[in-house]
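Here are the chains, one letter per residue:
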Amino acid sequence: MPFSRSFLSEEQFLCSICLDVFDNPVSTPCGHSFCMACIGCYWEGNKVCQCPLCKEIFQKKPELHINRTLREITEQFKRMTGSEGACGGFGRERERGRSGDHLVKPGEMPCELFTEMKRKFPKTCAMVDAPDAPVCVVGSLPSDISLTTANPSQASPVARPASMRRYTLSGPADSKRMPRCPRHHQRLELFCRTDQDCICLECAESEHLSHSMVPVEKQWQENKAHVETTESKIQQMIKERLTKMEEIRSSLSDIKVSAERETEGSMRIFSALVSSIERSQAELLEVIEMNRCSAEHQADGLIRQLEQEVQELRKRSTALGNLAQSNNYVNCLKTYPALCSPPTVRDWCDISVTSDLGTSKVYESVCQLLVHFQEEMKKLPEVGKHNQVPPSAEAGTLIRSQPKVKRIQEYAVNVTLDPNTAHPRLILSPDRKQVRCSERHQPLPDTPERFDRVVCVLGHQGFTTGRHYWEVDVEGKTDWDVGVASHSINRKGKITVNPSNGYWFLSLRDKTNYAFRTEPSTNLPISLQPQKIGVFLDYEKGQVSFYNVHAKVHIYTFVDTFCDTIYPFFSPCTNKSGKNEAPLTITPVLLD
């Protein structure tokens, strides 16, 4: 037969894995054929199964069945060529056919095999209608041929193009998977532009004669250019969005930094305001208390003078009454000159106790403070805009910018301890700023100035005028006495400590009981335990005030009349077996 030498070559009967003739061929879902043993070994031990040719991945291992038609053709081909089979393969040299009278060269097909294939595949082989047709093919249109006809009624069957794509029995020669038509089971080689669908040759001949059709490869090349353009646009969009994400993240970081800075600035401003208001409140309370006590002291003095004058006037009135009733004319005449003139008394017309507590200056200071703070509040938008706080908003500057009454810290004096007055159990530091109580007496001279029974010590500096302020650290102690004492106090034996005996001091007992040593003692309910005590002495006004330094809170003020030299007074009390061994320390006064 004229086509027996060029129908199919031996390569088209080879398994692409073992490169031998098919032995029990099976076909994968993608359409490629392999020996059952070869594909089984290829997939053995792999979690994912894929086709060795087109690399299509199967999520589930396919159930393979022997392709009986391909096996019959392969077996007949083996018998005709004298092949051993069972993956024995056949050489690349010429071999003698079954009849022994014809040599089959590589690339040729025995006549009997082609006759059998025509019987097995009548539809495909019927396409080879020309007597000189060399091969059995499935036709494909070239890219420049359109199947559209001007008059659909005159349409003729689709012409077979001259160029054909050859197929092997195990798949397409280019190893690419080509889907098949679900109706005709032929490969989808055409694309109908009218219906926008992939079709086979039979679909084109039967249903799409009047439609515009092109090969699927050409249509895909056209679409591929559009895909590349779309992909480029999408990549650009991705890039733009990634850039925007970075901008947002950067903005978020800037917002966090700005929030931290603005929070810090606002906290400093409001803390300064609160501190200033608390300080103004403390000053106001101090002024009110001091002026009230001063007014009470002044009123008590005036009342005592008035009582004395009233008593004298009553005596004069009684004497004059007795004189008027007396019959002793001689005596009356003698005493009359002394009694007839009014007694020498004070003119009380212009004497009064003022009700002014002297708080107007403090209120003015608070008002100016609020005005200044309102000005600072107006600057807050600019502060937030520049993410910084102006230096004027700092606590110290805000406070110092306000006109106010002079603070008690500005009356600070350098107080040291007088070792000549210290009880023998007291130990003073070399700089005479600290005192603590020991267990034993020290061999010290018993001078008149020294305390011999109460463990206390006086300051070296005495005051006879003016205002004075010092601070004492009492942290860690359970018992202590801090205040002032008169120079003329009793320092020997048992001492009764109260203002009438020249002692004015604040006491702590058992870590919680605070009291001012009057007769009886004045208990002071203090919720916030002070770690440092401030002592303020106003000699002229006769005032002794005590403060909680850290909390900036006034504790107590006592008013009396000072006529003697006043000294700072300190008592660390006994150490109570180590429970109260911490010292009393005179600390430097810091102006805030």
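This structure is a prediction, so every number in the text was calculated from the model and none was measured.

Judged by pairing direction, the sheet is antiparallel, and its 7 strands sit side by side in the order β14-β15-β26-β17-β22-β23-β24 without closing on themselves. Strands with a single pairing partner mark the edges of an open sheet, and in this sheet they are β14 (426-428) and β24 (553-559). When the angles between neighbouring strand axes are averaged without regard to direction, this sheet yields 20°. One ladder, built from 7 bridges, connects strand β17 (residues 467-473) with strand β22 (residues 532-538); its direction is antiparallel. In the strand pairing of β22, H468 is matched with L537. Against the sheet, helix α6 (residues 216-325) makes contact with β22, β23 (543-548) and β24, and its axis sits at roughly 160° relative to β23, the strand it touches most.

This brings us to the pattern of salt bridges. Taken as a whole, this structure holds 9 salt bridges when the rule is applied. We note a salt bridge from E222 to R193, for which the minimum N-O separation is 3.0 Å. On the criterion of sequence distance, the pair formed by E222 in helix α6 and R193 in the loop between β11 (190-192) and β12 (197-199) is long-range, its members being 29 residues apart. Judged by relative accessible area, which is 39%, E222 ranks as partly exposed. For R509, the salt bridge goes to D481, with nearest N and O atoms at 3.1 Å. With R509 in strand β19 (residues 503-509) and D481 in strand β18 (residues 480-486), this residue pair connects regions lying 28 residues apart in the sequence. Judged by relative accessible area, which is 26%, R509 ranks as partly exposed. Among the residues examined, D481 registers a relative accessible area of 7% and is labelled buried. What you see here is one network of salt bridges that share partners, running through D479, D510 and K576.

Moving on to the packing of aromatic side chains. Tallied over the full model, the rule gives 12 aromatic pairs. By way of ring pairs, the aromatic residues F516, F546, Y556 and F558 are connected into one cluster.

Counting 35 residues, the largest nonpolar core has W470, W480, W504, I533, F546, F570 and L584 as the members making the most contacts within it. Counting residues in hydrophobic clusters, the runner-up holds 13 residues, among them C15, F22, V26 and F58.

It is worth spelling out the confidence of the model for the protein chain at this point. Mean pLDDT for the protein chain: 77, with 76% of residues reaching 70 or above. Across residues 384-405, confidence stays below pLDDT 50; counting only partners more than four residues off in sequence or on other chains, it has 46 contacts.

Moving on, we come to a nonpolar patch on the surface. Residues I234, M237, I238, L242 and M245 make up a contiguous nonpolar surface patch of about 420 Å² in total accessible area. The topology assignment puts I238 in helix α6.

This next bit is on the sheet that holds strand β21 (residues 522-524). Strands sit in the order β16-β25-β18-β19-β20-β21 across an open sheet of 6 strands; the sheet is antiparallel. The sheet terminates laterally at β16 (457-458) and β21, the two strands that pair on one side only.

To continue, consider the side chain of E471. Along the chain, the position of E471 falls in strand β17. Buried charge without a salt bridge: E471, with K532 as the nearest opposite-charge side chain at an N-O distance of 4.2 Å. At 2.8 Å, the side chain of E471 and the side chain of Y469 are in polar contact.

For the rest of this paragraph, the subject is the pairing of β18. With 7 of its 7 residues buried, β18 lies for the most part within the structure. Across 6 bridges, the pairing between β18 and β19 is antiparallel. For V484, the partnering residue across the bridge sits in β19 and is W504. Bridging between β18 and strand β25 (residues 566-571) involves 6 bridges; their strand directions are antiparallel. Bridged to V484 within β25 is P568.

The next subject is the packing of α6 against helix α7 (residues 329-340). Axis separation between α6 and α7 bottoms out at 11 Å; the angle between their running directions is 155°. It follows from the interaxial angle that α6 and α7 lie roughly antiparallel. Considering only the axes of α6 and α7, their crossing is left-handed. In this structure, α6 uses R316, A319, L320 and L323 to contact α7, whose residues at the interface are C332, T335, Y336, A338 and L339. Grouping the constituent residues of the contact of α6 with α7 by class yields 7 nonpolar, 1 polar and 1 charged.

What counts, and where the lines are drawn
Residues numbered from 1 in each chain as written. Predicted model: local features only at pLDDT ≥ 70, side-chain atom pairs only at ≥ 80, totals over all residues. Heavy atoms only, no water. Pairing = 2+ DSSP bridges. Helix = DSSP H or I, 4+ residues; strand = E, 2+ residues; numbered from the N terminus. Axes fitted to C-alpha atoms, helices over the stretch in contact; angles between N-to-C directions. Contact = heavy atoms within 4.5 Å. Salt bridge = Lys/Arg side-chain N within 4 Å of Asp/Glu carboxyl O. Buried < 20%, exposed > 50% of the residue type's maximum accessible area, 1.4 Å probe, protein only. Phe/Tyr/Trp six-rings, centres within 6.5 Å; stacked < 30°, edge-to-face > 60°. Core = buried A, V, L, I, M, F, W, Y, C linked by side-chain atoms within 4.5 Å. pLDDT = per-residue confidence, 0-100. Patch = residues over 30% accessible without salt bridge, like charges linked within 9 Å, V, L, I, M, F, W, Y side chains within 5 Å. Areas by Shrake-Rupley, 256 points an atom, 1.4 Å probe, with all protein chains shown as cover. Lys, Arg positive; Asp, Glu negative; His and termini not counted. Polar contact = N/O pair within 3.5 Å; in protein donor to acceptor, adjacent residues only side chain to side chain. Parallel < 35°, antiparallel > 145°, perpendicular 65-115°, else oblique. Left-handed = near helix turned anticlockwise from the far one by under 90°. Nonpolar A, V, L, I, M, F, W, Y, C, P; charged D, E, K, R; others polar.

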